[in-house]
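Fold and contact review
Below, each chain spelled out in residue letters.
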Amino acid sequence: MSTQTDTLLLDFPTHPLWTNVFVESHAKVVVPLRWSRVQVWGQISLMYGGTLSFGLVNYPFSEFELIAEELLMSDSMVKVYGALRLSVKVLLMWNSKLQIDGGQDPVVGSSLLEGSNLVALREGSVISSNSNLGVHGQGLLKLYGLGDIIKAQRLFLSLFYNIHIGTGSTLQAPLKDSSKMELITNLLCESPTCPEELIHPSEDCNVNATLSFTVQICRVEDIVVDGLVKGSVIHFHLARTVTINPGGLVTSSELGCRRGMGKGLISSNGAGGGGGHGGKGGPGFFNGHLTEGGEEYGNADLPCELGSGGGNSTSGGTTTGGGLIVMGSMEHPLSRLEIFGSMRADGESSKSIMESQNVDVMGGSGGGSGGSLLFFLQTLTLGNNSLLSSSGGHGGQPGGGGGGGGRVHFDWFNIATGDEYVPMAAVNGTILTRGGTGIDDGHDGKDGTLTGKECPKGLFGVFCEECPIGTYKDVNGSSEALCIPCPPEELPHRAAYTFVRGGVTKPSCPYECISDKYHMPHCYTPLEDLIYALGGPWLFGLLLSGLLVLLALVLSVARMKFVGTDEFSGPTPTPHESQIDHSFPFLESLNEVLETNRTEESQSHVHRLYFMGSNTFNQPWHLPHSPPDEITELVYADAFIKFVDEINSLAAYQWWEGSVYSILSLFAYPFAWSWQQWCRKKKFQQLREFVRSEYDHACLRSCRSRALYEGLKVAATPDLMVAYVDFFLGGDEKRPDLPPRLQQRFPMCIIFGGAGSYMAPYTLHSDNLLTSLMGQVVPATIWYRLVAGLNAQLRTVRQGRLHSTLMPVITWLGTHANYGLSLQGVQVDLAWFQPTASGYYQLGLVVNSVDEVAHTTPVSEFSNTISIEQLRTNDVCSYRQYVPCLGNSQYTHLSSTDRRINGAIINSFTLRCLKNQKDVLFPLSFVLRNTRPVGHQDLVGLIISILLLGDFSLMLLTLLQFYSISLGAFLVVLLILPLALLSPLPAGINALFSHGPRRSAGLARVYALWNVTSVVNV
């Protein structure tokens, strides 16, 4: 049938059916009969303003049925007065309207539209019903764009494979201007319990007017919202995925209760309080009156209530709370909810009420409270800029209170635990349940609640995430306080807690070592594994000490076998008259001095001239240019001066040698000491070789001495700090008074070697020539005892504390040395010699006859000419005259002796005149008070062996420990501090296997210094 005019159809043929019905060109077709059925074999097409009308306007009580293959509408309209049953395969609407007017009679049934394959609305098409409307299908329901709307008092969409709400299109129920909206919401506003259909809805998805929903989308695979879905109670049920894209909105804002269980109060002349729900409504305050807001209600762990209004329901100025949105159900949760747009159930603000209604109230109305968002989900994605909101509305002016926040709850389905756990939520958006703002003096509403299902062990929070690393949770619950910190005593050093999928459920939190260098379970290095495998540090230390002692014994035996026992066999045989009483309590073995007891011809020796200076880089050796009186008749003065110039030039050091010493002193002082000793040895060898073979002895008067190069000899003490030149007769002088006897040499000076430091203590070196000379008046036994005892005393003298450490030496000389020597007519005194411009001076002995010493002069003879200020300003007492200490009645030596020795005698009175010279490199000064147990070489060798093996063990264990930490640390220790770790070993071996007591003692000091450096660096 085709018509382009107004047509009245009272009956439709059923046999045969019409193939197609076309209503075009503003034609109108009216089917006025009640309970009519229109069935077409093909399509029904309404185009170009065509209208198809069912029923009568004044009697909208009929039910009409329209069946066709397709219903195509373009710029046309279908009007139904009553209820409509539409069954087509394809429903296409283009700028068209399908209006269903069910009237106000509840007897009229719900309308049902079924488009089995496709339902599509485009270009502002609208399907509307003022009653219940169901839209079913098996294919696609799509609202393409702006103005495309499906709205009804209750709206049910079901059985589609896919529903797509395009940008600008709308699904809405109930109708905002409908008087039936409150009838629908009131069913939920006063009930304190959740309707069963909200938690356990039916699975048949039929249109049911008794249900609480206003919008339900049921049994749809995929739902995509780019536009607006709006309703008081919205339910997405038996859906697989729901996606709300940017710009899309699912809302029940301002569609809740006008009153409700948390309604805000209002006084006759005051502002209204905000509605309460998840949070208490804010009190209103106006004209001195405070009006309380609504109370909290509902269950935070299963919210299914609508928000309550604020203000006075009889004044027309009340607000409405937020509605309810339920996604899924307990039995059938959504597989995936993706929100990139917004989902809101906010309460109404009083401002919007005042804008839309011209009401006159004394005070402002309170804001409506937020509604409920209830999610039954498996996974959730909140994208950037997405929003979930159930906030309270703002109060109105003046003094309206803010609405309380609503409730948001996530009920997760089948939360996996342990290794099967996967995060259920990816939240990058915003979730709001805040209270509304009070206006003027009105108070803000309290925030609502955001909760989640009770999480199993190991998980916490709204989204059941793993507890933070380093905590565990062994009970069910969602509070973060249930994540308890792991016991710190169970976490090894060098370990860190690790992430565990599904969280940690036991106090024994898993951890891993911070580096692969450490070994589980205790994160020990290989060295520490070895230590604890052997019983711990104490037992390991005991075992290692025992092993070191055992190996030291073996090493000592090997040393004795390698070095031999000749150097330990005791003192060198001496003549019968020189036998020594070995019971004499010496602090030092006589081996050091008896080795010089070899006969040497001394008949030709004339004089010993000592070098000034200590053979250091700042105090090099040098000779005075003026020849002493003892050799003035043996040398030519001018030639002697040239000789002294050559000697002094050769003895001076280059600038770079001192620079190397300074640099080494900063980084490795033992190397600096070894460098200085090597330079000293080299300088001495150069001087000795120069005098022996290079110098022509031109300063000597003896022709024979000049010819044979025998008149001069250079020697030095073993520590290479004191050198001297011995002058000998050539044999052709024909002087009967030469060489002088020992008594003719008095006072005779003997300068100490050393510098009063740990590495170079003061020592009296008695060489063969000196021993032979002293043997003229002193028996060898007494002289040997003197040298040995004096060296034992000098070992405690420290350069920085001469005032206190020289006094025992002076006392010992008076009580022990001079007591035996006086019987031989000889006396020795401590003295200082040869001061330099820099304040350096040398210490030694003055040997004099007892008769010479007997002539003394009172102190008072000098006290008139020397002031106390002069005593304070002199570094040492002037070597030209003796300067005593005032206020004493004792007597001192003659000043003539002082002038002859180029120095001064040191006694208890003059000791205070000496200036202490501090040495910044003086290490461990208290060690000076020890003694060398020479004579117990086996014990010393054992001790050095133990220290040597200890050094070697320390070196290996340290390198192993740092290598276990990291390769970088190993290289730093090996490259930056190699001296402190590696050098003690060769130094100890050198000291252990050295020949000779004197050489062993010096090398042992170097080894001890390396040990100190090694300990400091490690």
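Structure report, in brief. (Residues numbered from 1 in each chain as written. Predicted model: local features only at pLDDT ≥ 70, side-chain atom pairs only at ≥ 80, totals over all residues. Heavy atoms only, no water.)

**Observations concerning the environment of Gly-278**
Applicable threshold: Put simply, DSSP marks the helices as runs of H or I at least four residues long and the strands as runs of E at least two long, and each gets a number from the N terminus on. Only heavy atoms matter for contacts: two residues are in contact if any of them lie within 4.5 Å across the pair.
Residue placement: Gly-278 occurs in the loop between strand S25 (249-251) and strand S26 (284-286). Sequence separation of Gly-278 and Pro-303 is 25 residues, and the distance between their C-alpha atoms is 9.0 Å. For Gly-278, the residues in contact, after removing those within four places along its chain, are Glu-296, Gly-405, Gly-406, Arg-407, Asp-447, Gly-448 and Thr-449.

**Focus: helix H4 (residues 526-533)**
The line we're drawing: Relative accessibility under 20% of the residue-type maximum defines a buried residue, over 50% an exposed one, and the middle range a partly exposed one, all with a 1.4 Å probe and only protein chains included. Within this analysis, the arc is defined by the directions that extend from the helix axis to the C-beta atoms.
Residues Leu-527, Glu-528 and Ile-531 constitute the buried set of H4. An end-on view of H4 places all buried positions within 95° of arc, on one side of the element.

**So, the nonpolar core**
What counts is decided by this rule: We define a nonpolar core as any set of buried Ala, Val, Leu, Ile, Met, Phe, Trp, Tyr and Cys residues linked to one another through side-chain atoms lying within 4.5 Å.
Formed by 80 residues in total, the largest nonpolar core has its most connected members in Met-343, Phe-375, Phe-410 and Trp-412. Ranked by the residues each element gives to this core, the list is headed by strand S10 (residues 77-94), at seven residues. Beyond its immediate sequence surroundings of up to four residues, Met-343 is in contact with Ile-244, Leu-249, Val-250, Ile-325, Met-327, Leu-373, Phe-375, Leu-387, Leu-388 and Ser-389. One finds Tyr-610, Phe-746, Ala-817 and Ile-906 within the second-largest nonpolar core, a separate group that totals 47 residues.

**What about the pairing of strand S21 (residues 222-225)?**
We apply this condition: Only when DSSP finds a minimum of two bridges between them are two strands counted as paired.
Across four bridges, the pairing between strand S18 (residues 162-165) and S21 is parallel. Across the sheet, Asn-162 pairs through a bridge with Asp-222, a residue of S21.

**Quick look at the packing of helix H13 (residues 780-794) against helix H14 (residues 802-821)**
Under the convention used in this document: Interaxial angles span 0 to 180 degrees and are taken between N-to-C directions of axes, which are lines fitted to C-alpha atoms, for helices over the stretch in contact. Here the angle decides the label: under 35 degrees means roughly parallel, over 145 means roughly antiparallel, 65 to 115 means roughly perpendicular, and every other value means oblique. For this classification, the nonpolar set comprises Ala, Val, Leu, Ile, Met, Phe, Trp, Tyr, Cys and Pro, the charged set comprises Asp, Glu, Lys and Arg, and every other residue, Gly included, is treated as polar.
At a minimum axis separation of 11 Å, H13 and H14 run at an interaxial angle of 175°. Relative to H14, the element H13 lies roughly antiparallel. Within the contact between the two elements, H13 uses Ile-782, Leu-786, Gly-789, Leu-790, Gln-793 and Leu-794 and H14 uses Pro-808, Val-809, Trp-812, Leu-813, Ala-817 and Leu-821. Its residues placed into classes, the contact of H13 with H14 shows ten nonpolar, two polar and no charged.

**Side note on the pairing of strand S15 (residues 140-143)**
Here S15 shows a buried face lined by Leu-141 and Leu-143 and an unburied face lined by Leu-140 and Lys-142. Across four bridges, the pairing between strand S12 (residues 111-122) and S15 is parallel. The residue of S15 that forms the bridge with Leu-118 is Leu-140.

**With respect to unusual backbone geometry**
In this model, Ala-173 is joined to Pro-174 through a cis peptide bond whose omega is 0°. Cis rather than trans, the peptide bond between Gln-397 and Pro-398 has omega equal to -5°. Looking at where Pro-398 falls in the secondary structure, it is placed in the loop between strand S33 (387-389) and strand S34 (407-412). In the Ramachandran plot, Glu-123 falls in the positive-phi region, its phi being about 55° despite a non-glycine side chain. Among the structural elements, Glu-123 can be located in the loop between S12 and strand S13 (126-129). What makes Glu-123 partly exposed here is its relative accessible area of 47%.

**Some words on helix H8 (residues 655-667)**
Defined as follows: Given a helix with a known number of residues, its expected span is that number minus one, times 1.5 Å.
Between its terminal C-alpha atoms H8 stretches 19 Å, which fits the 18 Å expected from 13 residues at 1.5 Å a residue. Among the residues of H8, those classed as buried are Glu-657, Gly-658, Tyr-661 and Ser-665. Summarising the axial view, the buried residues of H8 lie within an arc of 95°, below the 170-degree limit, and thus occupy one face. Turned more than 90 degrees away from the buried face of H8, the exposed residues are Trp-655, Ile-663, Leu-666 and Phe-667. Where H8 is buried, its residues touch helix H9 (669-694).

**Quick notes on the packing of H8 against H9**
Interhelical geometry of H8 versus H9 gives an angle of 155° and a closest axis separation of 6 Å. When the axes of H8 and H9 are compared, the pair comes out roughly antiparallel. Side by side, H8 and H9 meet where Trp-656, Glu-657, Val-660, Tyr-661, Leu-664, Ser-665 and Phe-667 of the first sit next to Tyr-669, Phe-671, Ala-672, Trp-673, Trp-675, Gln-676 and Cys-679 of the second. Looking at the contact of H8 with H9 residue by residue, the class counts come to eleven nonpolar, two polar and one charged.

**Looking at the pattern of salt bridges**
Counted only if it meets this: Throughout this description, the term salt bridge denotes a Lys or Arg side-chain nitrogen within 4 Å of a carboxyl oxygen of Asp or Glu.
This structure, assessed with the given rule, holds nine salt bridges. Among the salt bridges present, the one from Arg-336 reaches Glu-338, with a minimum N-O distance of 2.9 Å. Judged by relative accessible area, Glu-338 falls into the buried class, the value being 19%. Between Asp-346 and Arg-344 there is a salt bridge, and its shortest N-O distance comes to 2.7 Å.

**A few points about the packing of aromatic side chains**
Two aromatic rings are characterised by how far apart their centres lie and by the angle between their planes. What counts, and what does not: Stacked, edge-to-face and tilted labels apply to pairs of Phe, Tyr and Trp rings (six-membered ring for Trp) whose centres lie within 6.5 Å, assigned for plane angles under 30 degrees, over 60, and everything in between, in that order. The criterion for a charge sitting over a ring is simple: Lys NZ or Arg CZ within 6 Å of the ring centre, and within 35 degrees of the ring normal.
By the definition in use, this model includes 16 aromatic pairs. By the ring-pair criterion, three or more aromatic residues cluster together here, those being Phe-375, Phe-410, Trp-412 and Phe-463. Here the basic side chain of Arg-122 rests over the ring of Tyr-144, its NZ or CZ set 4.2 Å away from the ring centre. Cation over ring: Arg-608 sits above Tyr-724, and NZ or CZ is 3.8 Å from the ring centre.

**Considerations on the state of the cysteines**
In plain terms, the rule: The rule for a disulfide is simple: a pair of cysteine sulfur atoms within 2.5 Å.
Under the defined criterion, the tally for this structure stands at six disulfides. In this model Cys-467 forms its disulfide with Cys-483; the gap between the sulfur atoms is 2.0 Å. Across the S-S bond of Cys-467 and Cys-483 the torsion is about -60°, and the bridge reads as left-handed. Pair noted here: Cys-467 is in the loop between strand S39 (465-466) and strand S40 (471-472) and Cys-483 is in the loop between S40 and strand S41 (484-485), with a separation of 16 residues, a long-range link. Accessibility assignment for this pair places Cys-467 and Cys-483 in one class, buried. Two residues share a disulfide in this structure: Cys-513 and Cys-523, whose sulfurs sit 2.2 Å from each other. Where Cys-513 bonds to Cys-523 through sulfur, the torsion about that S-S bond is close to -100°, and the disulfide is left-handed.

**What to know about the sheet that holds strand S49 (residues 842-849)**
A sheet is described by the order of its strands in space; here four strands give the open sequence S47-S49-S48-S52, paired in antiparallel fashion. Edge positions in the open sheet fall to strand S47 (748-751) and strand S52 (903-905), since each of these has one partner strand only. Adjacent strand axes in the sheet meet at a mean angle of 35°, parallel and antiparallel pairs treated alike. Taken together, the three bridges between strand S48 (residues 826-833) and S52 define a ladder with antiparallel strand orientation. Bridge pairing links Phe-833 to Gly-903 in S52.

**With respect to the sheet that holds strand S46 (residues 723-728)**
One open sheet accounts for three strands, arranged S44-S46-S45; its pairing is antiparallel. Looking at which strands have only one partner, the edges of the open sheet turn out to be strand S44 (605-610) and strand S45 (712-716). Put simply, the sheet's adjacent strands are angled 25° from each other on average, direction ignored. Two strands pair when backbone bridges link them, and S44 and S46 are joined in this way by five bridges, in the antiparallel orientation. What sits directly across from His-607, in S46, is Phe-727.

Structural measurements only, silent on function.
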